[in-house]
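Architecture at a glance
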Amino acid sequence: MTALLDFVAELPLVDHHCHGVRISGLDRLGFEQLLTEADTVSPLGTSLFDSLIGLAVRERCAPLLDLPKHVPADEYLQRRAELGAAEVNRRFLRGTGITDYLLDGGFLPESLTATPEFAELSAARAHDIVRLEQVAEDVFRAGTTGAGFAADFAAELDRRTATAVGVKSVAAYRVGLELSGDRPGPSEVTAAAGRQLARGEPFRLADEVLHRHLIWAGLDRRLPVQFHVGYGDSDVDLHRCDPLRLTGFLRATRDLGVPVLLLHNYPFHRNAAYLAQVFEHVFADVGLITHNAGLRAPAILAETLELAPFGKLLFSTDAFGLAELYHLGAALFRQGLSDFLRAGLAADALSEVDAVRLAALAGHENATRIYRL
Amino acid sequence: MTALLDFVAELPLVDHHCHGVRISGLDRLGFEQLLTEADTVSPLGTSLFDSLIGLAVRERCAPLLDLPKHVPADEYLQRRAELGAAEVNRRFLRGTGITDYLLDGGFLPESLTATPEFAELSAARAHDIVRLEQVAEDVFRAGTTGAGFAADFAAELDRRTATAVGVKSVAAYRVGLELSGDRPGPSEVTAAAGRQLARGEPFRLADEVLHRHLIWAGLDRRLPVQFHVGYGDSDVDLHRCDPLRLTGFLRATRDLGVPVLLLHNYPFHRNAAYLAQVFEHVFADVGLITHNAGLRAPAILAETLELAPFGKLLFSTDAFGLAELYHLGAALFRQGLSDFLRAGLAADALSEVDAVRLAALAGHENATRIYRL
Amino acid sequence: MTALLDFVAELPLVDHHCHGVRISGLDRLGFEQLLTEADTVSPLGTSLFDSLIGLAVRERCAPLLDLPKHVPADEYLQRRAELGAAEVNRRFLRGTGITDYLLDGGFLPESLTATPEFAELSAARAHDIVRLEQVAEDVFRAGTTGAGFAADFAAELDRRTATAVGVKSVAAYRVGLELSGDRPGPSEVTAAAGRQLARGEPFRLADEVLHRHLIWAGLDRRLPVQFHVGYGDSDVDLHRCDPLRLTGFLRATRDLGVPVLLLHNYPFHRNAAYLAQVFEHVFADVGLITHNAGLRAPAILAETLELAPFGKLLFSTDAFGLAELYHLGAALFRQGLSDFLRAGLAADALSEVDAVRLAALAGHENATRIYRL
């Protein structure tokens with residue numbers, strides 16, 4: 001890691017995938033539970049602060065709370081509590097250089113800020129990404145029938161996407177990414193909705209036909225479709241979330257001209273980069289792992305750039321709940337981009353004009369173009 | 001990336017897998033279509049020049065056309081047109097330091113140079129690799145029967161391999177690499193050939209039994225058998241092309257003493273390196289990704305060398321159509337080998353005598369030995 | 001690779017997974033056969049000394065035999081023979097800085113030292129890890145019945161684990177890692193044991209139900225359970241040994257509070273690191289590949305640390321037979337840890353106090369805590 005290139009340090013960023021932030025305070029356990037994808041601290045292991053993201057918090061976040069780098073975790077948390085959640089959130093969110101946040105509000109919304117509140121807190125623009133499965137589950141909960149589901153869902157999706165800039169599928173978490181390329185026919189959807197109703201509360205969607213129907217609804221509306229891919233918490237079957245499993249689906253949808261965004265992707269980021277190269281409508285990011293990997297984030301970004309064209313790479317934090325994660329996601333993305341470009345410049349493998357242009361593509365231009373911000 | 005070690009800069013290379021070059025000129029779209037594995041430029045993305053291979057063309061190819069490094073793409077293409085395809089091809093092909101090219105002429109042969117023409121153009125030796133599936137498809141097209149296929153194919157293969165140095169299978173593209181270790185029996189082949197005839201024109205082979213029969217025909221002739229593995233265009237189901245899927249086949253064929261060559265392998269190059277270590281007859285390269293990954297090529301070669309013995313690593317470009325790709329493939333392989341050895345020498349992890357010897361193995365000695373050139 | 005940090009050079013190590021060492025001498029073929037995971041030297045390839053581990057032997061082991069670095073392989077082997085196996089073993093084993101060796105004595109025990117002999121030779125503590133499948137196979141060989149197997153196995157396992165610190169499963173080698181999360185019921189075990197008896201000599205276990213029963217027997221005894229994962233010899237189907245296949249099993253066992261140790265993991269080490277992050281009871285190492293990858297070992301350790309908390313990373317050599325491998329495993333683990341921490345210190349990404357503490361966790365504290373040494 002070297003000092004940031006000036007034009008990367010000042011690069012405006014569009015965070016094309018993140019979530020709201022927690023308003024309430026957090027004790028040590030609560031903080032560690034939000035820090036990584038582990039559900040909680042292990043009685044068999046040691047603190048989650050003893051990992052690259054923990055070191056990154058103490059290195060890169062402590063100064064924003066007026067503390068020296070590498071301050072012990074307990075002192076960090078004490079100062080955090082002292083300042084209060086509102087001030088902490090403001091400090092971290094306003095220093096990111098992110099001009100636009102695209103928020104997926106579909107997971108645990110009751111514990112997090114909503115979009116307008118987030119815009120206010122971050123002094124930036126905030127846009128909605130609609131989580132498809134949440135819409136469908138709400139439709140089931142509100143009461144529908146097998147035969148009526150498609151129309152009810154369509155109406156509700158229209159309502160919720162009226163001001164949204166894209167949709168997102170969490171099929172990866174529910175059935176994996178082995179999705180057929182075919183659009184499911186009306187009778188298949190009716191049958192699947194009937195099965196879902198028969199399963200009853202809480203109507204948690206996990207049916208390949210229904211996920212597929214939802215995704216096609218997004219494609220029909222020509223809204224960019226985001227897919228959770230790869231890295232996530234212990235609830236995901238990671239071996240079913242290799243983006244290569246989407247190959248058939250991507251082949252079937254390439255001619256529509258609707259962007260498909262592969263989120264996170266680690267440890268399959270090279271596979272995602274391959275898809276972003278060979279399919280015209282596919283884009284990729286390395287959100288979530290960027291802040292988790294701390295000082296290793298630049299290495300992961302570099303692997304992604306082996307095949308991903310700069311016109312197909314986006315920035316996201318996938319920050320959730322903890323204000324530190326927006327800051328770290330942005331700072332470590334800048335670090336990775338800067339290190340990569342600096343090494344290329346040092347080897348005379350590209351010109352500075354190129355470096356500035358490519359950084360702008362990944363930092364904000366691709367997202368602005370794709371989501372028509 | 002550091003300056004090349006002298007003995008790597010001057011190392012004669014055998015390119016054990018490439019294709020012919022285009023004779024006719026190319027406009028910008030045509031050039032970008034041949035540049036990477038993307039079929040075409042995306043209206044949603046930006047230019048394919050904005051990727052590591054695009055930067056590598058402007059860095060490493062421009063000087064051979066008398067242009068400064070990093071010249072804009074349009075100026076590069078204008079100069080290329082001005083010089084004409086024949087002169088451009090000559091300049092790139094004669095500066096590679098490749099003494100022998102092993103050409104797979106089985107894909108789109110009508111648009112590319114044939115082997116003798118290629119030898120003339122490159123002022124080097126050119127040898128034939130016979131694409132097994134092409135031979136079989138020609139036999140079907142020429143007219144055969146289910147029962148007659150095996151003999152007709154054998155006769156045609158004998159004719160075409162009379163002066164060839166090896167054969168190649170593209171089973172990966174058609175059925176994936178999950179091939180059984182068993183040699184198919186005569187009745188299985190007859191039945192499979194019958195099914196293929198029933199499918200009719202264009203007789204595109206995609207039948208696990210037939211691919212396997214073809215491969216065994218190569219093994220019977222004791223010709224080195226190349227496999228497409230991993231990275232390719234959007235037509236490949238990459239998740240079915242992990243070389244580990246060949247494990248059963250490799251276990252079944254190890255005692256024959258016939259070399260099996262795993263081509264490309266990215267992003268499964270570490271898996272291929274493992275197979276090259278544990279199976280006596282397995283060899284691997286990282287062609288195709290070497291020029292695609294530009295300044296990241298050295299990192300990929302280094303990962304491959306974690307397990308692949310130097311006696312099992314080969315050089316290839318997998319260049320197709322575009323003269324720049326032979327030049328880049330050779331230059332970036334040298335860069336990767338040199339960076340790797342230079343770092344080892346700097347750490348005193350090997351002697352210079354070793355470095356020279358190991359470079360020669362990978363650069364040409366292994367290929368010369370395996371293909372009996 | 002840079003000079004070792006002092007506190008890493010002097011770090012006491014616990015080798016939580018290795019095997020016994022050969023007492024008898026070795027000719028060149030015998031040495032090469034033990035050097036890597038290849039069964040033997042290939043007549044088609046060149047010497048296995050021409051690989052990173054071969055270079056590492058000549059660089060890092062030669063000085064312990066009073067030879068200059070990079071001495072040719074034949075001179076190295078001649079000096080080795082001259083000193084005799086006993087002296088060679090003593091020199092390598094006593095210089096590792098390993099205080100405790102955890103020995104899996106279940107593979108080819110007749111050719112290797114037993115645990116007490118190993119303790120004497122290494123002047124360190126040596127502990128037993130019981131290979132579950134070996135116990136079961138011995139029970140079948142000694143004579144049992146389908147219905148009697150569970151009790152006979154339980155009694156024998158109690159006897160053998162009386163002084164052991166953990167158990168190990170090689171299910172990966174036999175049926176792959178796609179293990180169900182359910183504990184098999186008594187009737188399933190009886191039926192599976194009956195099938196195994198029907199198969200007869202040599203009673204080589206390869207039955208998903210039986211492997212699972214064995215593993216649950218270890219969990220019931222609250223003994224840490226080691227799993228072979230990933231890299232191994234040509235007998236393994238590597239594509240069935242991705243640790244992600246254990247996800248369901250890990251989800252089903254996380255609440256027991258019994259440690260599960262994923263061994264080796266390469267080339268799936270990032271996947272193992274993910275599991276170590278998200279599951280409270282999961283720990284990982286990169287043994288076996290550490291010495292095989294020679295100067296690339298630091299790169300592999302760095303990838304593992306992207307997600308694995310320092311409290312979940314262990315050290316092992318997985319050395320087998322060849323005294324050099326204990327030395328190389330320890331030396332290259334130190335090299336990787338030191339390089340990683342040195343780079344972090346240089347970037348001011350962690351403090352020296354942290355670096356010392358994290359090194360101790362991985363070097364010995366985690367193992368001491370997990371195995372209650």
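Report on the accompanying structure. One numbering rule holds for all chains: residues counted from 1, following each sequence as written. Think of it this way: whatever chain is written first is A, whatever ligand is written first is 1, and the rest follow in order. Two thresholds apply to this predicted model, a pLDDT of at least 70 for residue-level local features and 80 or more for giving and counting side-chain atom pairs, whereas whole-chain, interface and lining totals are computed over all residues. As a rule here, side-chain values cover all heavy atoms of the structure and leave hydrogens and water aside.

Our focus in this paragraph is the interface of chain C and chain A. Contact between two residues is taken to exist if any of their heavy atoms lie within 4.5 Å; hydrogens are not considered. Listed by partner, the interface residues are 39 residues for chain C and 40 residues for chain A. In short, buried area is how much 1.4 Å probe accessible area vanishes from two parts on joining, totalled over both. Taken over both partners, the interface formed by chain C and chain A buries close to 3,200 Å², and the fraction arising from carbon and sulfur atoms is 57%. Salt bridge, as used here, is a side-chain nitrogen of Lys or Arg placed within 4 Å of a carboxyl oxygen of Asp or Glu. Our enumeration of links across chain C and chain A arrives at 7 salt bridges. The partner of A:Arg296 in a salt bridge is C:Glu306, and the shortest N-O contact between them spans 2.8 Å. Any N or O atom pair separated by 3.5 Å or less is treated as a polar contact, with the protein-specific requirement of one donor-capable and one acceptor-capable atom, and with residues adjacent in sequence counted only for side-chain atom pairs. Connecting chain C to chain A are 20 residue pairs in polar contact (both at pLDDT 80 or more). Only DSSP runs of H or I reaching four residues or more are called helices, and only runs of E reaching two or more are called strands; each is numbered from the N terminus. Looking at the side of chain C that touches chain A element by element, the count peaks at 6 residues for helix H17 (residues 352-370) of chain C. Under the convention adopted here, Pro, Cys and the residues Ala, Val, Leu, Ile, Met, Phe, Trp and Tyr are nonpolar, Asp, Glu, Lys and Arg are charged, and Gly plus all remaining residues are polar. Of the residues contributing to the side of chain C that touches chain A, the split by class is 19 nonpolar, 8 polar and 12 charged.

A few words on the interface of chain B and chain C. In this complex, chain B contributes 39 residues to the contact, which on the side of chain C involves 40 residues. Across the interface of chain B and chain C, roughly 3,100 Å² is buried in total on both sides, 57% from carbon and sulfur atoms. Where chain B meets chain C, there are 7 salt bridges. Between the two partners, chain B and chain C, sit 20 residue pairs in polar contact (both at pLDDT 80 or more). Listing elements by their share of the side of chain B that touches chain C, those giving two or more residues are helix H12 (247-253), helix H13 (269-278), helix H15 (297-304), helix H16 (323-346) and helix H17 (352-370) of chain B. With 6 residues, the top contributor of residues to the side of chain B that touches chain C is H17(B).

Below, the discussion takes up the relation of the copies chain B and chain C. All copies are superposed by least squares; the fitting set is the C-alpha atoms of residues with a pLDDT of at least 70 in both. The two copies are related by a screw motion: chain B maps onto chain C through a turn of 120° and a shift of 0.0 Å along the axis, at an RMSD of 0.0 Å. On this basis, the relationship between the two copies can be described by a three-fold rotation axis. Of the C-alpha atoms belonging to chain B, the one lying closest to the rotation axis is found on B:Ala299, 6.0 Å away. In this assembly the copies use different faces: only 3% of the residues contributing to the interface of chain B also contribute to that of chain C.

The subject of this paragraph is the sheet that holds strand S6 (residues 260-264) of chain C. All names here are of chain C. Strand order in the open sheet formed by 7 strands is S1-S2-S3-S4-S5-S6-S7, and the pairing between neighbours is parallel. Single-partner strands in this sheet number two, and they are strand S1 (13-18) and strand S7 (282-284). Along the sheet, successive strands turn relative to each other by an average axial angle of 25°, direction set aside. By the bridge criterion, 3 bridges tie S6 to S7 in an arrangement that is parallel. The residue of S7 that forms the bridge with Leu-262 is Ala-284. Relative to strand S5 (residues 225-229), helix H11 (residues 208-220) is tilted by about 145°, and along the sheet it contacts strand S4 (166-169) and S5. Contacts from H17 reach S1, S6 and S7, with the element oriented near 60° to S1. Between any two strands, pairing holds if DSSP finds at least two bridges. For helices, the fitted line uses only the C-alpha atoms of the stretch in contact; every axis is such a line through C-alpha atoms, and the angle between N-to-C directions lies from 0 to 180 degrees.

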